[in-house]
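A closer look at the structure
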Amino acid sequence: MRLRLALCLTAATMGATATLALAQVAKPAASEPRSPDGKRYTAQPLVKNLYFADPSAHVFNGKLYVYPSHDVDAGIPDDDLGTQYAMHDYRILSMDRPGGPVTVHPVAIDVKDIPWASKQTWAPDAAYKNGTYYLYIPARDKDGVFRIGVATGKSPTGPFKAEPQPIKGSFSIDPAVFTDSDGQSYMYFGGIWGGQLQRWTTGRFDPNAGDTDLKQDDKPALSPKIARLTPDMKQFAEAPRDVVITDETGKPVLGGDHDRRFFEASWTFKRGGKYYFTYSTGDTHYLNYAIGTSPYGPFRYTGHFLMPVQGWTSHHSIVEFKGKWWLFYHDTQLSNKNYLRSAKMTELTFNSDGTIRPINPFKD
Ligand code: FUB
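Residues numbered from 1 in each chain as written. Predicted model: local features only at pLDDT ≥ 70, side-chain atom pairs only at ≥ 80, totals over all residues. Heavy atoms only, no water.

1. Description of the environment of Thr349
For Thr349, the location among the structural elements is in the segment after strand S21 (342-348). Spatially, the C-alpha atom of Thr349 lies 35 Å from that of Ala239, the residues being 110 residues apart in sequence. (Helix = DSSP H or I, 4+ residues; strand = E, 2+ residues; numbered from the N terminus.)

Written out as structure tokens, the structure is:
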């Protein structure tokens, strides 16, 4: 780009015809979008006129549906609690096939129609059972405490009607519902810093428990949570339990191990009889995976599968569609602002031993 500008400036002194000729000669072979530091992106945004983040993808009725956060510019500067993520509604995306046209559906539910919620409708997830679609919604309640609620509808794209109260015993953010081969569904959830998980260590909300983590680097890190769901998919059937992520020796990953410890963005899938628990490391910006033999874990840390994207947050989902696996993620390619993110997708591949081939979000 710098070369092209320099040539145009020189040519300006030579006349309009020469300017055109030089600009054409110097034009890059393909006008591919580049990051602020000049790198090419591995994938392009699914939607270019609106901002969507935290994409939770599902296959319903042979189509791909994506349940993202709908990012908006609220004019709020970035802080460690994520105040800038001031989303207030959800819109669902769908496509018939990877790479095909993406339909952005109308607003499926707005925070004003969620009786218990006040603001910040963050990363959702969805599920289907017996003719009903369930949208799981994390948001701040009227006291500013993050809770997780559910809304139901008859179409995968909404509209959804919210239950009057959040799920009893729910807290923190980033619900991800995994349904096992036997039909039993589980919710994974939690997030530290703005997600408030560090304020729940006693089982009750402690507003003074800090804004980041436990600040105990040599102790086990805070764990994400799991709870089995009731048959109607609307409540926890048990008290939430810790999802323990272990190191190679079987010991819990420590709080000071920011390259491996859980931060937010739980997502679980099953492949080849193994359970893959995947998550974001937040301030080190990796997406990691850990493998276990039960939906409850423990899960042994195995590696990074997405290197840092452009933008502070990284959040994803992984889904199998017609024999291939797909990673949905987001970055800030279109805005270069942390709170205006764009959902993307790219194929995810595995080695024969079940490990994931790591993805670089940049081609260069
Ligand atoms: O979108 C708001 C928050 O940012 C999500 O809940 C986190 O996972 C992070 O992506």
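From this point, the discussion proceeds with the structure in view.
2. Some words on the nonpolar core
Soluble globular proteins tend to pack their nonpolar side chains together in the buried interior. Counting residues in hydrophobic clusters, the biggest one holds 36 residues, and the most contacted among them are Tyr136, Met187, Tyr188, Ile245 and Phe277. Elements represented by at least two residues in this core include exactly strand S7 (132-141), strand S8 (146-153), strand S10 (176-179), strand S11 (185-189), strand S12 (225-228), strand S16 (274-280) and strand S18 (299-306). (Core = buried A, V, L, I, M, F, W, Y, C linked by side-chain atoms within 4.5 Å. Buried < 20%, exposed > 50% of the residue type's maximum accessible area, 1.4 Å probe, protein only.)

3. Observations concerning the site of the ligand
Inspection of the region around the ligand gives Asp54, Ser69, Met87, Trp122, Ala123, Ile173, Asp174, Glu264, Thr313, His315, His330 and Arg341 as its neighbouring residues. A distance of 2.6 Å is found between an oxygen atom of the ligand and a side-chain nitrogen or oxygen belonging to His315. Arg341 places a polar side-chain atom, nitrogen or oxygen, 2.7 Å from an oxygen atom of the ligand. Looking at the shell around the ligand residue by residue, the classes come out as four nonpolar, four polar and four charged. (Near = heavy atom within 4 Å. Polar contact = N/O pair within 3.5 Å; in protein donor to acceptor, adjacent residues only side chain to side chain. Nonpolar A, V, L, I, M, F, W, Y, C, P; charged D, E, K, R; others polar.)

4. Focus on the side chain of Thr313
Along the polypeptide, Thr313 turns up in the loop between S18 and strand S19 (317-321). Exposure remark for Thr313: the relative accessible area of 9% places this residue in the buried category. Side chain to side chain, Thr313 and His330 meet in a polar contact 2.8 Å long. Only 3.0 Å separates the side chain of Thr313 from the side chain of Arg341, close enough to count as a polar contact. Thr313 has contacts with Tyr85, Glu264, His330 and Arg341, leaving out every residue within four places of it along the chain. (Contact = heavy atoms within 4.5 Å.)

5. Overview of the packing of aromatic side chains
Going through the model one piece at a time under the given rule, you end up with 30 aromatic pairs. Judged by centre distance (5.4 Å) and plane angle (85°), the rings of Tyr186 and Tyr296 are edge-to-face. Of this pair, Tyr186 sits in strand S11 while Tyr296 sits in the loop between strand S17 (287-292) and S18, placing them 110 residues apart in sequence. With respect to burial, Tyr186 and Tyr296 carry one shared label: buried. Note on Phe277 and Tyr279: the rings are 5.7 Å apart at their centroids and 20° apart in plane angle, and the pair reads as stacked. For Phe277, a relative accessible area of 0% gives the class buried. An aromatic cluster of three or more residues is present, and its members are Phe269, Tyr276, Tyr289, Phe305, Trp325 and Phe350. The cationic tip of Lys39 hangs over the ring face of Phe362; the distance from NZ or CZ to the ring centre is 4.3 Å. Taking NZ or CZ as reference, Arg271 lies 3.8 Å from the ring centre of Phe350, over its face. (Phe/Tyr/Trp six-rings, centres within 6.5 Å; stacked < 30°, edge-to-face > 60°. Lys NZ or Arg CZ within 6 Å of the ring centre and 35° of its normal.)

6. What about the sheet that holds S11?
For sheets, the rule is that strands pair by backbone hydrogen bonds, running either parallel or antiparallel. Strand order in the open sheet formed by four strands is S10-S11-S12-S13, and the pairing between neighbours is antiparallel. Edge positions in the sheet fall to S10 and strand S13 (241-242), since each of these pairs with one other strand and no more. The pairing of S11 with S12 spans four bridges and is classified as antiparallel. Residue pairing for S12: Tyr186 is matched across the bridge by Arg228. (Pairing = 2+ DSSP bridges.)

7. Section: the pairing of strand S20 (residues 324-331)
Extensive coverage of S20 is indicated by the burial of seven of its eight residues. The turn joining S19 and S20, which pair antiparallel and follow one another in sequence, is formed by two residues; a positive phi near 50° is taken by Lys322. As paired elements, S20 and S21 share seven bridges and run antiparallel to each other. Counterpart to Leu327 in the pairing with S21 is Thr346.

8. Observations concerning unusual backbone geometry
Most peptide bonds are trans, and most residues other than glycine sit at a negative phi. The residue after Gly158, namely Pro159, is reached through a cis peptide bond having omega 5°. For Pro159, the location among the structural elements is in the loop between S8 and strand S9 (161-162). A cis amide bond, omega 0°, links Gly297 with the succeeding residue Pro298. In this structure, Ser172 takes a positive phi of about 65° despite not being glycine. With respect to the secondary-structure elements, Ser172 resides in the loop between S9 and S10. The phi dihedral of Trp193 falls on the positive side, at around 60°, and the residue is not glycine. You can see Trp193 is positioned in the loop between S11 and S12.

9. Regarding the pattern of salt bridges
According to the stated counting rule, one finds 19 salt bridges in the structure shown. A salt bridge links Lys112 to Asp113; the nearest nitrogen and oxygen atoms lie 3.7 Å apart. For Lys112, a relative accessible area of 67% gives the class exposed. Its relative accessible area of 45% is what places Asp113 among the partly exposed residues. Arg260 serves as the salt-bridge partner of Glu248, at 3.1 Å between the closest nitrogen and oxygen. Residue Glu248 is found in the loop between strand S14 (245-246) and strand S15 (264-271), and its partner Arg260 is found in the loop between S14 and S15; the two are separated by 12 residues along the sequence. On the basis of relative accessibility, which here comes to 53%, the residue Glu248 falls in the exposed class. (Salt bridge = Lys/Arg side-chain N within 4 Å of Asp/Glu carboxyl O.)

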